[in-house]
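Observations on the three-dimensional arrangement
Given next are the chains, with one letter for each unit.
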Amino acid sequence: MLHLSEVLGLPVFDANGSRVGRVDDLRVDSHRGAVDVVILKARGGSRAVPWSAVASFSPEHRRVGLVDGAEPSPWNPGEPETLCLKRDVLDRQIIDTQGRKVVRVNDIALEPAGESLLLRRVEVGLAGAVRRLLAGVISPRLLRRLADGLSQQGIPWDYVGMVEPGSARIRLKVHQQLAKMHPADLADILEDLGRVERREIVSALDPETAAQALSEAEPSVQAAVVEGMHVDRAADLLEEMPPDEAADILGDLPEERLHAVLEAMEDEEADDVRELLAFREDSAGGLMTTDFFRGRASWTVGETLATLQKVDEDLIPELDEIPLVDDDGKLFGIVPLVRLVRAPGGRPVTEFMRREVRAVTTSTPFKEVVERFEKYHLRALAVVDEFGDLKGMINIEDVLSRLVKGD
């Protein structure tokens, strides 16, 4: 196994023994994960030779030899669709999609395989840092012995996604890997990144995945991401969120940006968010969601369950308890879903309501909402206006999230 730190700076000689430069970087074919070009630092600027022109490659003997007739050619560093290990990977922040964290590359492991030199993993532990620091200072043999006794932390290249990708292929790889992660893990990654890197990652994800991840992030990160995005992309992302979460994010934006994003959103979603923004953040109205399932007090158990089967799957996790309304939209009662599962289909759904209708008004302070959940061990709480019309629902997850974020 070779390491990039051992390779950089190696003198390169032609077949006649004349030095033509030093190794400055290695270009990798990202499809095969194999080195295809050696980039040299030479008099007159950067030069390049194809890997097929390399006859010997020996960090141990501090020498790279070229085949007879090999002639280094000018190197264009701005060449598109390339991945260079020193330029694009070394010292960069990357996402370890296996360990779900942001790390910095200290070194890169390469493995000779026949006539190829393959990219195997990035080194992020102490051994890689020491190897990098002492490369060229002490002998390669002594350095390897020293590094072998230290913490070895390597991430297989297949599990790595670039934060600052250098090509479309790398961005696609990031998308495929990150889309499989749990939203909470993605949120941790976003929180560890800088503003530019966050924008790269969010732009690489589809709106639904990005919205799920952003929902789990800290409020400051949520606002920074949405504020830094193109307004249409921000609108698409917020439309994928529950209205209460979208309202929380928009409420942290400058007034001008808030109105621009609302204008770019679909009318129905924008109206839901505007309604929530009218309430104080520390009130039940500011905490509730308007996107929920409500049943009719006139329905039977069978009708209620049949209607539930057609509900948007995004609302399923919120369906511990079902609010029932009368024909005028006023709250009639709350029925736990678990009571309906085994109930006879022809019975009125109202027979299985809780005895007491526990609800708060939109102006109820957050502190009182918390006390209500704690006192009655609630999973959900209905929110009504001054006339008793059902306006929204607060779920226990909303309360816990607000408490954890310190509001």
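Residues numbered from 1 in each chain as written. Predicted model: local features only at pLDDT ≥ 70, side-chain atom pairs only at ≥ 80, totals over all residues. Heavy atoms only, no water.

**Let's talk about the overall build of the protein chain**
When its secondary structure is counted, the protein chain shows 18 helices and 21 strands. A compact globule built from 407 residues would reach a C-alpha radius of gyration of about 22 Å, whereas the protein chain, at 30 Å, exceeds it by more than 25%. Projected onto its principal axes, the C-alpha positions of the protein chain cover 95 × 45 × 35 Å. Burial status across the protein chain gives 47% buried among its 407 residues. Long-range pairs, those at least 24 residues apart, make up 57% of the contacts in the protein chain with a sequence separation of at least 6. Surface accessibility of the protein chain: about 20300 Å² in total, with carbon and sulfur atoms responsible for 47%. Averaging the coordinates of the 50 positive side-chain charges in the protein chain and doing the same for the 74 negative ones gives two points 9 Å apart. (Helix = DSSP H or I, 4+ residues; strand = E, 2+ residues; numbered from the N terminus. Rg over C-alpha atoms; globule rule 2.2 N^0.38 Å. Buried < 20%, exposed > 50% of the residue type's maximum accessible area, 1.4 Å probe, protein only. Contact = heavy atoms within 4.5 Å. Areas by Shrake-Rupley, 256 points an atom, 1.4 Å probe, with all protein chains shown as cover. Lys, Arg positive; Asp, Glu negative; His and termini not counted. Charge placed at Lys NZ, Arg CZ, Asp CG, Glu CD.)

**Section: the domain arrangement of the protein chain**
Domain annotation for the protein chain reports domain 1 (1–155), domain 2 (181–278) and domain 3 (295–405). Each of domain 1 and domain 3 has a C-alpha centre, and these two points are 61 Å apart. (Domains from an automatic or database assignment.)

**Topic: the packing of helix α10 (residues 231–239) against helix α12 (residues 255–264)**
Axis angle and axis distance: for two packed helices, these are the angle between their axes and the distance between the axes, and together they describe the pair. Two numbers describe how α10 lies on α12: the axes approach to 8 Å, and their chain directions differ by 70°. Here α10 is positioned roughly perpendicular relative to α12, judged by the angle of their axes. In this structure, α10 contributes V231, D232, A234, A235, L238 and E239 to the contact, and α12 contributes R257, A260, V261 and A264. Considered class by class, the residues forming the contact of α10 with α12 number 7 nonpolar, no polar and 3 charged. (Axes fitted to C-alpha atoms, helices over the stretch in contact; angles between N-to-C directions. Parallel < 35°, antiparallel > 145°, perpendicular 65-115°, else oblique. Nonpolar A, V, L, I, M, F, W, Y, C, P; charged D, E, K, R; others polar.)

**Notes on a positive patch on the surface**
A cluster of basic residues, R19, R22, R43 and R62, forms a positive patch at the surface. If you trace the backbone, R62 turns up in the loop between β6 (54–58) and β7 (63–66). (Patch = residues over 30% accessible without salt bridge, like charges linked within 9 Å, V, L, I, M, F, W, Y side chains within 5 Å. Salt bridge = Lys/Arg side-chain N within 4 Å of Asp/Glu carboxyl O.)

**With respect to the sheet that holds strand β20 (residues 380–384)**
Strands sit in the order β19-β20-β21 across an open sheet of 3 strands; the sheet is mixed. Of all the strands in the sheet, just β19 (359–361) and β21 (390–395) have a single pairing partner and so form its edges. Averaged over all pairs of adjacent strands, the angle between strand axes in this sheet comes to 35°, irrespective of strand direction. In the packing of helix α17 (residues 366–376) onto the sheet, contacts are made with β19, β20 and β21, and the angle to β20 comes to roughly 140°. (Pairing = 2+ DSSP bridges.)

**What about the sheet that holds strand β18 (residues 331–336)?**
Sheet architecture is open: 3 strands sit in the order β16-β17-β18, paired in mixed fashion. Edge strands, defined here as strands with exactly one partner in the open sheet, are β16 (295–296) and β18.

**Let's talk about the nonpolar core**
Counting 53 residues, the largest nonpolar core has L237, L238, L250, M265 and I394 as the members making the most contacts within it. Lining this core are residues from two domains, each supplying at least three of them: domain 2 (181–278) and domain 3 (295–405). Once residues lying within four places of it in the same chain are set aside, the contact partners of L238 are V226, A246, I249, L250, V261 and M265. Listed in part, the 35 residues of the second largest apolar core include V7, V28, F57 and L85. (Core = buried A, V, L, I, M, F, W, Y, C linked by side-chain atoms within 4.5 Å.)

**What to know about unusual backbone geometry**
Negative phi characterises most residues that are not glycine, and trans characterises most peptide bonds. Phi at R62 takes a positive value of approximately 55°, unusual for a residue other than glycine. R62 sits in the partly exposed class, given a relative accessible area of 32%.

**A word on the environment of R354**
Inspection of the secondary structure assignment puts R354 in the loop between α16 (337–341) and β19. In sequence terms R354 and T307 are 47 residues apart; their C-alpha atoms lie 21 Å from each other. The contact partners of R354, leaving out residues within four places of it in the chain, are E321, I334, P336, R339 and L378. A polar atom in the side chain of R354 sits 2.5 Å from the side chain of E321. (Polar contact = N/O pair within 3.5 Å; in protein donor to acceptor, adjacent residues only side chain to side chain.)

**Digging into the packing of aromatic side chains**
Scanning the model with the defined rule gives 1 aromatic pair in all. Plain terms: the ring middles of W51 and F57 are 5.1 Å apart, the flat faces sit at 65° to each other, and that makes the pair edge-to-face. On the basis of relative accessibility, which here comes to 14%, the residue W51 falls in the buried class. Between the NZ or CZ atom of R63 and the centre of the ring of F13, over which it lies, the distance is 4.3 Å. The cationic tip of R402 hangs over the ring face of F366; the distance from NZ or CZ to the ring centre is 5.8 Å. (Phe/Tyr/Trp six-rings, centres within 6.5 Å; stacked < 30°, edge-to-face > 60°. Lys NZ or Arg CZ within 6 Å of the ring centre and 35° of its normal.)

**Brief notes about the packing of helix α8 (residues 207–215) against α10**
Remark: α8 packs on α10, axes separated minimally by 8 Å, with the N-to-C direction vectors making an angle of 70°. The angle between α8 and α10 falls in the class roughly perpendicular. Of the residues in α10, those in contact with P207, A210, A211 and L214 of α8 are R233, D236 and L237.

**What to know about the pairing of β6**
Relative to β7, β6 is paired through 4 bridges, and the arrangement is antiparallel. Paired with S58 across the bridge in β7 is R63. Connecting β6 to the next strand, β7, in antiparallel fashion are 4 residues, including R62 with a positive phi near 55°.

**Examining the side chain of R358**
By the element assignment, R358 lies in the loop between α16 and β19. Residue R358 is classed as buried on the basis of its relative accessible area of 19%. Once you skip the residues sitting within four places of it in the chain, R358 turns out to touch Y376, L378, L381 and A382.

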